[in-house]
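Single-letter residue listing:
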Amino acid sequence: MSHVSVLLKETIDYLNVKEEGIYLDATCGRGGHTEAIVKQLTTGKVIVFDLDIVAIEEAKKRLTPYLDKLIFINDNYATLKEHCEKQNISQLDGFVFDLGVSSPQFDDPSRGFSYRYDSNLDMRMDQSQTFSAYHLVNEYPLNQLTNVLRDYGEEPFAYPIAKKIVAARLLAPITTTGQLVEIIKSALPSRILHQKGHPAKQTFQAIRIEVNQELASVEKAVSDACALLKVGCRGCVITFHSLEDRIVKEIFKQLSTPPKTNRRLPQQIIDVQYQLIIKKPLTPSEEELIENPRSHSAKLRVIERKRG
Ligand SMILES: C[S@@+](CC[C@H](N)C(=O)[O-])C[C@H]1O[C@@H](n2cnc3c(N)ncnc32)[C@H](O)[C@@H]1O
């Protein structure tokens, strides 16, 4: 199973890779972005994270010629600050986050990420974690379930879907993605069922975000990575849905906006530490969308550190 890296050329161009630089790829996946960075290095290194051990193992196979320049960490990118310290990395020459789920994760029915296959309710990126979609669907109280579907799926029918889930699990535990899809459909009006797009998409997205605590990790990790950037160096973040994009946009905005209280100070004092390299996020070209329809919701944001 392969993964087509999204906005690869654009991201790497923005990074301005230096052959002796130290880079972070927070989301290894199948190593597409890592490969494009590492092959430009001589004495440089890439520290590469993924929660999913399968992703790390597969990327290691692909990147065999470069293993001496790679430091693989099978952990949440939220821990990047601690791991960089352990590796004596105090500054980064650039970083990439390519958020979300990889195609091999979606396309492996046993991982339970997709509403297209009938499989166990799972959706864990880290398979050593005990809490899975099964626990969420069968154990969360009605109000908590409703909040997850509304907040993380932006699902307008969050309450009716949550109510149907709670009613169904009183009869027997909900164990498969197929059962969940049927329950979701039973809660939706027929006009919604006949609309474009899968009726379970938003609910599945919400459950995945909650199971993997995605948004809290993104917020911490992107902030920590920005703090590690060297002056003159850049960070690139690719998002796939509005919730994570909003978080990245907000972090970048705060870092690149002068504090209000400093408006009257001389220019050199209010000079901001960071600058947005593209004002509006970059989206995939027509060609990329045709070659890789999964890139359709991708947005790339780029920030540069201007001073220490
Ligand atoms: C879209 S894929 C990255 C694809 C990669 N850029 C490529 O070109 O092959 C996202 C990856 O991030 C990983 N991931 C998601 N959340 C994570 C987290 N909190 N910490 C570490 N890795 C995470 C997923 O397991 C997945 O492999």
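On a predicted model such as this, the values are computed, not experimentally measured, just so you know.

**As for the overall build of the protein**
Next, step 1: Helix and strand content of the protein: 15 helices and seven strands.
Next, step 2: Compactness check: the protein gives a C-alpha radius of gyration of 21 Å against a globular reference of 19 Å for 308 residues, within 12% of the reference.
Next, step 3: The principal-axis extent of the C-alpha atoms belonging to the protein is close to 65 × 55 × 40 Å.
Next, step 4: Looking at the protein alone, contacts between residues at least 24 apart form 70% of all its contacts between residues at least 6 apart.
Next, step 5: Carbon and sulfur atoms provide 52% of the accessible area of the protein, an area that totals close to 15000 Å².
Next, step 6: Averaging the locations of the 40 positively and 39 negatively charged side chains of the protein gives two centres separated by 6 Å.

**With respect to the layout of surface pockets**
Next, step 1: Quantified by volume, the second largest pocket comes out at close to 180 Å³.
Next, step 2: Lining the second largest pocket are Glu155, Pro156, Phe157, Leu188, Ile192, Gln195, Lys196, Gly197, His198, Pro199, Lys201 and Gln202.
Next, step 3: Residues of the lining of the second largest pocket, tallied by class, amount to five nonpolar, four polar and three charged.

**A closer look at the domain arrangement of the protein**
It is common to report an interface's size as the accessible area lost on association of the parts.
Next, step 1: Along its sequence, the protein is organised into domain 1 (8–104 + 214–305) and domain 2 (127–211).
Next, step 2: Computed over C-alpha atoms only, the centres of domain 1 and domain 2 are separated by 31 Å.
Next, step 3: The interface of domain 1 with domain 2 comprises ten residues on the first partner and seven residues on the second.
Next, step 4: Of the roughly 730 Å² buried between domain 1 and domain 2 on both sides combined, carbon and sulfur atoms contribute 48%.
Next, step 5: Its largest share of buried area at the contact with domain 2, domain 1 owes to Glu214, His241 and Leu243, together 54% of the area lost on that side.
Next, step 6: Measuring nitrogen to oxygen at the nearest pair gives 2.8 Å for the salt bridge that ties Glu214 to Arg208.
Next, step 7: Our count for the contact surface shared by domain 1 and domain 2 stands at four residue pairs in polar contact (both at pLDDT 80 or more).
Next, step 8: Contributions of two or more residues to the side of domain 1 that touches domain 2 are made by helix 12 (214–228) and helix 13 (242–256).
Next, step 9: Per-element accounting of the side of domain 1 that touches domain 2 gives the leading share, three residues, to helix 13.
Next, step 10: Class assignment for the residues of the side of domain 1 that touches domain 2 results in four nonpolar, three polar and three charged.

**Regarding the site of the ligand**
Next, step 1: Every one of the 23 residues lining the ligand counts as a neighbour, but Ser5, His33, Asp50, Asp98 and Gln105 are closest to it.
Next, step 2: For the ligand, an oxygen atom lies 2.8 Å from a polar atom in the side chain of Gln105.
Next, step 3: Here the ligand, which alone exposes 600 Å², has 99% of that area covered by the protein.
Next, step 4: Of the residues assigned to the shell around the ligand, the class counts are seven nonpolar, eleven polar and five charged.

Rules used in this analysis
- Residues numbered from 1 in each chain as written.
- Predicted model: local features only at pLDDT ≥ 70, side-chain atom pairs only at ≥ 80, totals over all residues.
- Heavy atoms only, no water.
- Helix = DSSP H or I, 4+ residues; strand = E, 2+ residues; numbered from the N terminus.
- Rg over C-alpha atoms; globule rule 2.2 N^0.38 Å.
- Contact = heavy atoms within 4.5 Å.
- Areas by Shrake-Rupley, 256 points an atom, 1.4 Å probe, with all protein chains shown as cover.
- Lys, Arg positive; Asp, Glu negative; His and termini not counted.
- Charge placed at Lys NZ, Arg CZ, Asp CG, Glu CD.
- 1 Å grid on protein atoms, 1.4 Å probe; cavity = no way out; pocket = protein on both sides within 12 Å on 5 of 7 lines; lining within 4 Å.
- Points joined across faces, edges and corners; volume = space filled by probe spheres on them.
- Nonpolar A, V, L, I, M, F, W, Y, C, P; charged D, E, K, R; others polar.
- Domains from an automatic or database assignment.
- Buried area = accessible area lost by both parts, 1.4 Å probe.
- Salt bridge = Lys/Arg side-chain N within 4 Å of Asp/Glu carboxyl O.
- Polar contact = N/O pair within 3.5 Å; in protein donor to acceptor, adjacent residues only side chain to side chain.
- Near = heavy atom within 4 Å.

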